[in-house]
Structures are given as C-alpha cells and as structure tokens.
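Residue strings, one per chain:
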There are 2 protein chains.
Amino acid sequence: MRLFYHPHPHDLSLASVLYALGDPVRLEIVRLLATQGEQPCAAFDFAIAKSTMSHHFRVLREAGVLRCRKEGTQHLNSLRRQDLDQRFPGLLDAVLQSATPRRDPQP
Amino acid sequence: MRLFYHPHPHDLSLASVLYALGDPVRLEIVRLLATQGEQPCAAFDFAIAKSTMSHHFRVLREAGVLRCRKEGTQHLNSLRRQDLDQRFPGLLDAVLQSATPRRDPQP
C-alpha cells in the first residue's frame with residue numbers, strides 16, 4: 001500500500017499553506033471539507049480533469065492543509081484543522097469566512 | 001508618467017491574495033510594510049535579483065495587497081490594509097501574526 005506524505009505539524013510553512021490555498025479550485029475543496037467533513041475525492045464533482053484534481057489534492061496534502069487516508073478503494077480527505085489552528089491561529093477561520101462557493105463556468 | 005494598475009477593492013479575489021502571500025519573499029515584504037509603514041523598493045535589501053524583486057512587487061500590487069505610488073524617482077509601497085480588512089476580515093492579521101522574519105541564506 002502506498003503511503004501518502006504528510007508534513008509534521010512543526011514543519012508546516014505559512015508560505016506553503018497560503019500558496020496551497022491561493023487557487024480557486026483548492027479553496028473550494030477546502031471550503032467543502034470544512035462544511036461537509038471527510039470526503040472521498042469522488043465527492044468533488046468539478047468540471048476539471050481528474051489529473052488536475054489529483055494535482056490540487058497533492059498540493060493541499062503536501063502543504064499540510066489536508067490529510068488523505070485510504071479506505072478500501074477510496075481516498076478519504078479531511079482538513080487538518082487542529083494542526084493549522086495551532087500553527088497559524090485564526091488563519092483558516094479567516095479564509096473560510098471569506099471563501100464563497102465557486103461556480104464552474106457554464107458549458 | 002506610467003500609472004500602476006491597482007484593482008478596485010470590490011475586485012480583490014481571495015485566491016489571488018492568498019497566492020500573492022504564498023511566497024516567503026512576498027510574505028517578508030508584507031511583514032516589513034506592516035511593521036515599518038510605507039517604504040521605497042530600495043528599503044528591501046534582500047539577496048535577490050532586482051528583476052525578481054520587481055516581479056514580487058507586481059504580484060502583490062496586482063492582487064491588491066499593496067499600493068505603489070511614484071514620488072520623484074522613488075516607488076513608495078504601502079499595504080492596502082483597510083481594503084484587505086474590509087474584504088477579508090481577520091486574514092491579514094492572522095497572516096502577520098504567524099509570519100516570522102525571513103533569513104536570507106548565508107553566502
């Protein structure tokens with residue numbers, strides 16, 4: 001079984017976390033995880049190529065914004081809210097407060 | 001005289017602001033502007049090529065994080081704190097609270 005890399009809480013970098021959040025799709029992933037809790041990748045039904053979505057999840061995971069665990073054939077994602085709140089107090093709350101639902105372009 | 005583009009407060013995008021802040025050099029520029037007030041570009045004596053610094057200032061300006069005005073031969077930069085606080089309450093404070101002084105690599 002392939003193990004996912006997750007940075008230790010002490011190794012989280014503010015710049016990396018902000019960079020990871022600095023994209024509309026990744027912001028929407030974070031907003032949905034914050035409101036809906038742990039979700040499989042398949043729950044994010046954006047009009048975006050699967051490989052692009054995988055890239056976004058990897059950026060968020062490697063920055064320490066989310067945790068990914070495997071259960072059967074699913075990858076389940078959850079926000080690392082406690083780690084983020086401890087390292088960067090108030091940051092995630094401020095981001096979530098200002099994040100508005102994303103609209104995919106109409107086909 | 002060349003005028004600098006500055007987005008209107010209503011046009012600030014959370015993702016663009018987070019992206020602009022998601023770089024160690026740009027974070028340090030923002031931290032210094034927050035603690036020292038308006039500064040000329042020359043005040044930022046980082047061990048970084050001038051063209052790279054110009055790029056960082058442009059990313060911050062075009063995202064609406066800082067304002068740049070010309071005075072004589074100088075470009076004076078200041079944080080758009082009020083605009084940012086109005087659009088994204090608590091965000092800049094949370095970022096500044098967690099931002100630590102950057103150390104340039106030793107030569």
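Residues numbered from 1 in each chain as written. Chains lettered and ligands numbered in written order. Predicted model: local features only at pLDDT ≥ 70, side-chain atom pairs only at ≥ 80, totals over all residues. Heavy atoms only, no water.

- Going by the annotation in an unreviewed UniProt entry, the name recorded for chain A is ArsR family transcriptional regulator, with Neosynechococcus sphagnicola sy1 given as the source organism.

1. Brief notes about the packing of aromatic side chains
Residue and element names in this part refer to chain A.
Part 1 of the reasoning: In the structure shown here, the tally under the stated rule is five aromatic pairs over all chains.
Part 2 of the reasoning: A centroid spacing of 6.2 Å and a plane angle of 80 degrees characterise the contact between Phe-44 and Phe-46, whose relative ring orientation is edge-to-face.
Part 3 of the reasoning: On the accessibility criterion, Phe-46 (13% relative accessible area) is buried.
Part 4 of the reasoning: Chaining the aromatic ring pairs together yields one cluster made of Phe-44, Phe-46 and Phe-57.
Part 5 of the reasoning: A cation over an aromatic ring shows up here: Arg-26 above the ring of Tyr-19, its NZ or CZ 5.4 Å from the ring centre. (Phe/Tyr/Trp six-rings, centres within 6.5 Å; stacked < 30°, edge-to-face > 60°. Buried < 20%, exposed > 50% of the residue type's maximum accessible area, 1.4 Å probe, protein only. Lys NZ or Arg CZ within 6 Å of the ring centre and 35° of its normal.)

2. Some points on the pattern of salt bridges
Residues and elements named next belong to chain A.
Part 1 of the reasoning: Scanning the model with the defined rule gives 12 salt bridges over all chains in all.
Part 2 of the reasoning: A salt bridge links Glu-38 to Arg-69; the shortest N-O distance between them is 2.8 Å. Taken together, the positions of Glu-38 in the loop between α2 (24–36) and β1 (39–40) and Arg-69 in strand β2 (residues 66–71) put the pair 31 residues apart, joining distant regions of the chain.
Part 3 of the reasoning: Residue Glu-38 is classed as partly exposed on the basis of its relative accessible area, which comes to 34%.
Part 4 of the reasoning: Ionic pairing is found between Arg-69 and Glu-71, a salt bridge with its closest N-O pair at 2.8 Å.
Part 5 of the reasoning: Ionic contacts of the salt-bridge type, sharing partners, join the residues Glu-38, Arg-69 and Glu-71 into one network. (Salt bridge = Lys/Arg side-chain N within 4 Å of Asp/Glu carboxyl O. Helix = DSSP H or I, 4+ residues; strand = E, 2+ residues; numbered from the N terminus.)

3. As for the UniProt feature "domain: HTH arsR-type" (unreviewed entry) in chain A
Part 1 of the reasoning: In the numbering used here, UniProt assigns the "domain: HTH arsR-type" (unreviewed entry) feature to residues 6–99 of chain A.
Part 2 of the reasoning: Helix makes up 53% of residues 6–99 of chain A and strand makes up 15%, while its end C-alpha atoms are separated by 24 Å. (UniProt positions renumbered as here; feature names shortened; annotations may be inferred.)

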